[in-house]
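# Commentary on secondary and tertiary structure
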Amino acid sequence: MTGRRQLTLNLFIYPGGHHEAAWRYKGSEPQRAFDIEYYQELARRAEAAKFDAVFFADGPALADNIRYAARFRLEPITWLAAIAAVTSRIGLIATASTTYSEPYNLARLFASLDHISHGRAGWNIVTTSAPQAAQNFGLPEHPPHGERYEKAKEFLDVVTKLWDSWEDDALVIDPASGIFADTDRIHSIDHVGKHFRVRGPLNTARSPQGRPVYVQAGSSDDGRAFAARFAEAIFTAHQTLGSAQQFYSDIKSRAKAFDRKPEHVKILPGISPFIGSTQSEARALQEEFDDLIQPEYSLVQLRRMIGVDLSGHDLDAPFPRHLIDTKGPAGVASRFQLVVDIIDRERPTIRQLLRRLAGGRGHWVIAGTPEEVADNIQTWFENGAADGFNVMPPWLTGGFDAFVEQVVPILRKRGLFREDYTGATLRDHYGLPRPDSLFAHLARAIA
């Protein structure tokens, strides 16, 4: 490990892999999708490769296209607790919704995970985009985009106060005096807002990282504003270097405007690599996956991204661009704009677009040799487009094994990625400071 800026690498785990047809590929193991040992093995491999974290996405509703793909969800905190038990260094990041969770319960869950893992927890903060989730929680309809982000800000404020409600030295544990905890350093938060009323304090001591790492995914205007103000790592999707550079520059500038250090906001695009000994071999591998696509599934995915139902259309006809409503509700979503940009830039047929999106739902899919993949990673990293990447293997476990065995050694040889961990917590891996308690700050200001 040198003093040179280092890549951040996370393993983004989807059951079976990120290509929508991964579960049909001969090298996949879809029958192990509910086997926790399968995920523990993956996490141990990622830790052996010195990855920063594993990331497990989640959503509080069953995907409406489960008939054709492995798109179910295991509850992520339970899942990561099992991962924590068999690992010791790798970070543990899970998604939880501010729209369909309660702040107190969520604060307890992530604080507990941070304690259990000795400081490796991260929270991927989402407002949930799936409208079918509403009826699972007794709501007549999914809240509008802007309302969800307004609620998310207050939610995060409450959770932060709860995580800070115990000062670092509140836990005394002094048998001689009989004092277990200093109650003067444990604070009710007494939050009363538009969406929440929470008294506090949290019923567990402050966790090893002070607060789990705040992660955010989303590139809409609301998402960018939220990320620049609060997020310490941002998961994002880009197809081109130019798009990634624009996003990177925008977020860093916005963070600076909030009096934050830009280096304390990690920008981490997704990359889904098909790796071969030659470029033609890598492209043939990608084609093999794309040939397994089921249009019935792909069309549902596309409808969710851009709000257009193309069932019954000729798949080999030019994409009907005029059907896209850029001024409707879907137009504010980041993935919507990404797909529209692909259509405008490449003028694909419907089938070509479905194949284009099959590998990573709009994330960057690359096919090439290990050197070519490493070259592209280095280019983005050194030219203001990324601080690292969420590695999204097209299939598991083979796609991840190929990246670790063939690409990571090249990145290390170039001095771009660590040889070993230098810290114990996820904040250490990301180079983030451990925040003081808000209440400790207040106490010092009064003194």
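Here, the structure is the one placed above.
Here's what I pulled together on the structure shown here.

## Section: a nonpolar patch on the surface
Side chains of Leu 171, Ile 173 and Phe 180 sit close together on the surface and give an oily, nonpolar patch of about 290 Å² of accessible area. The residue Phe 180 is located in strand β6 (residues 179-181) in this model. Judged by its relative accessible area of 53%, Phe 180 is exposed.

## Quick word on the environment of Ala 170
Of note, Ala 170 is situated in the loop between α4 (145-163) and β5 (171-174). Put simply, Ala 170 and Ile 275 are 105 residues apart on the chain and 51 Å apart in space, counted from C-alpha to C-alpha. Once you skip the residues sitting within four places of it in the chain, Ala 170 turns out to touch Phe 180, Ala 181, Asp 182, Arg 185 and Ile 186.

## Topic: the nonpolar core
Judged by nonpolar contacts, the single largest core of 74 residues is most densely connected at Phe 51, Trp 123 and Phe 403. The element contributing the most residues to this core is α4, with eight residues. With sequence-adjacent residues up to four places away left out, Trp 123 is seen in contact with Ala 94, Ala 96, Thr 98, Leu 106, Phe 110, Phe 155, Leu 156, Val 159, Trp 163, Val 213, Tyr 214 and Val 215. Of all hydrophobic cores here, the second largest spans 20 residues; its members include Leu 302, Phe 319, Ile 343 and Ile 350.

## Examining unusual backbone geometry
Note the cis peptide between Gly 200 and Pro 201, where omega equals -5 degrees. Take Pro 201: it is sitting in the loop between β8 (197-198) and β9 (213-217). In this structure, the amide linkage connecting Leu 396 to the following residue, Thr 397, adopts the cis form with an omega of 10 degrees. Tracing the sequence through the fold places Thr 397 in the loop between β13 (388-391) and α12 (398-413). One non-glycine residue, His 118, lies in the positive phi region at around 60 degrees. Its place among the elements puts His 118 in the loop between α3 (103-116) and β4 (121-126). Accessibility expressed as a relative area gives 61% for His 118, which makes it exposed. The residue Ile 173 is not glycine, and still its phi comes out positive at about 50 degrees.

## Digging into the pattern of salt bridges
Scanning all chains against the criterion turns up 29 salt bridges. Arg 185 is paired through a salt bridge with Glu 167; the nearest N and O atoms lie 3.2 Å apart. In this pair, Arg 185 sits in the loop between β6 and β7 (191-192) while Glu 167 sits in the loop between α4 and β5, placing the two residues 18 residues apart along the sequence. For Glu 167, a relative accessible area of 6% corresponds to the buried category. A salt bridge links Asp 344 to Arg 321; the nearest nitrogen and oxygen atoms lie 2.7 Å apart. Highlighted residues: Asp 344 in helix α9 (residues 334-346) and Arg 321 in the loop between α8 (295-306) and α9, separated in sequence by 23 residues. Here Asp 344 falls in the partly exposed class, since its relative accessible area comes to 32%. If you follow the salt bridges from partner to partner, you end up with Asp 164, Asp 168, Arg 206, Arg 211 and Arg 434 in one network.

## Topic: the side chain of Ser 117
With respect to the helices and strands, Ser 117 occurs in the loop between α3 and β4. Separated by 3.4 Å, the side chain of Ser 117 and the backbone oxygen of Asp 114 make a polar contact. Sequence-distant contacts of Ser 117, that is, excluding residues within four places in its chain, are made with Ala 84 and Leu 92.

## A closer look at the packing of aromatic side chains
Per the counting criterion, the structure on display carries 26 aromatic pairs. Judged by centre distance (5.7 Å) and plane angle (85 degrees), the ring pair of Phe 12 and Tyr 14 falls under edge-to-face. Given the relative accessible area of 7%, Phe 12 is considered buried. Ring geometry for Phe 55 against Phe 235: centres 4.7 Å apart, planes inclined by 55 degrees, an arrangement best described as tilted. Highlighted residues: Phe 55 in strand β2 (residues 53-56) and Phe 235 in strand β10 (residues 233-236), separated in sequence by 180 residues. Here the aromatic residues Phe 110, Trp 123, Phe 155, Trp 163, Phe 196 and Tyr 214 are joined through ring pairs into a cluster of three or more. Residue placement shows Arg 361 over the ring face of Tyr 14; its charged tip is 4.3 Å from the ring centre.

## Section: helix α10 (residues 350-358)
Looking only at α10, the buried set comprises Ile 350, Leu 353, Leu 354, Leu 357 and Ala 358. Projected onto a plane normal to the axis of α10, the buried residues spread over an arc of 135 degrees and lie on a single side.

## Side note on the pairing of strand β11 (residues 266-275)
Summarising burial for β11: 10 of the 10 residues are buried, a large majority. Burial of β11 is two-sided: the residues Lys 266, Leu 268, Gly 270, Ser 272 and Phe 274 facing one way and the residues Ile 267, Pro 269, Ile 271, Pro 273 and Ile 275 facing the other way are all buried. As paired strands, β10 and β11 are joined by four bridges and run parallel to one another. In the strand pairing of β11, Thr 236 is matched with Pro 269. Handedness of the crossover joining β10 and β11 through helix α6 (residues 241-257): right-handed.

The rules behind each value
- Within every chain, residues take consecutive numbers counted from 1 along the sequence as written.
- Given that the model is predicted, a residue must reach a pLDDT of at least 70 before its local features are reported, and side-chain atom pairs must reach 80 or more before they are shown or counted; all residues, however, enter totals for whole chains, interfaces and linings.
- Water and hydrogen atoms play no part in the side-chain values, which are based on all heavy atoms of the structure.
- Like charges within 9 Å and nonpolar side chains (Val, Leu, Ile, Met, Phe, Trp, Tyr) within 5 Å are joined into patches, using only residues over 30% in relative accessible area that form no salt bridge.
- Using the Shrake-Rupley algorithm and a 1.4 Å probe, accessible areas are obtained, with residue cover drawn only from the displayed protein chains.
- Each reported salt bridge corresponds to a side-chain nitrogen of Lys or Arg within 4 Å of a carboxyl oxygen of Asp or Glu.
- In DSSP terms, a helix is any run of H or I states spanning at least four residues, a strand is any run of E spanning at least two, and both are numbered starting from the N terminus.
- Between buried and exposed lies partly exposed: a residue is buried under 20% and exposed over 50% of the maximum accessible area for its type, with that area taken using a 1.4 Å probe on protein chains only.
- Contacts are assigned to residue pairs with any non-hydrogen atoms lying within 4.5 Å of each other.
- Put simply, buried Ala, Val, Leu, Ile, Met, Phe, Trp, Tyr and Cys residues joined by side-chain atoms within 4.5 Å make one nonpolar core.
- We define a polar contact as two N or O atoms separated by no more than 3.5 Å, with the added condition that, inside protein, one atom must be a possible hydrogen donor and the other a possible acceptor, whereas residues neighbouring each other in sequence contribute only through side-chain atom pairs.
- Geometry of aromatic contacts follows a simple scheme: Phe, Tyr and Trp rings, the Trp one being its six-membered ring, pair when their centres are within 6.5 Å, and the pair is stacked under 30 degrees between planes, edge-to-face over 60, tilted otherwise.
- A ring has a charge above it when a Lys NZ or an Arg CZ is no more than 6 Å from the ring centre and no more than 35 degrees off the ring normal.
- Read the arc as the range of directions from the helix axis to the C-beta atoms.
- Any two strands are treated as partners once DSSP identifies two or more bridges connecting them.
- Looking down the strands as they point away from you, a crossover is right-handed if its path from the first strand over the helix to the second goes clockwise.

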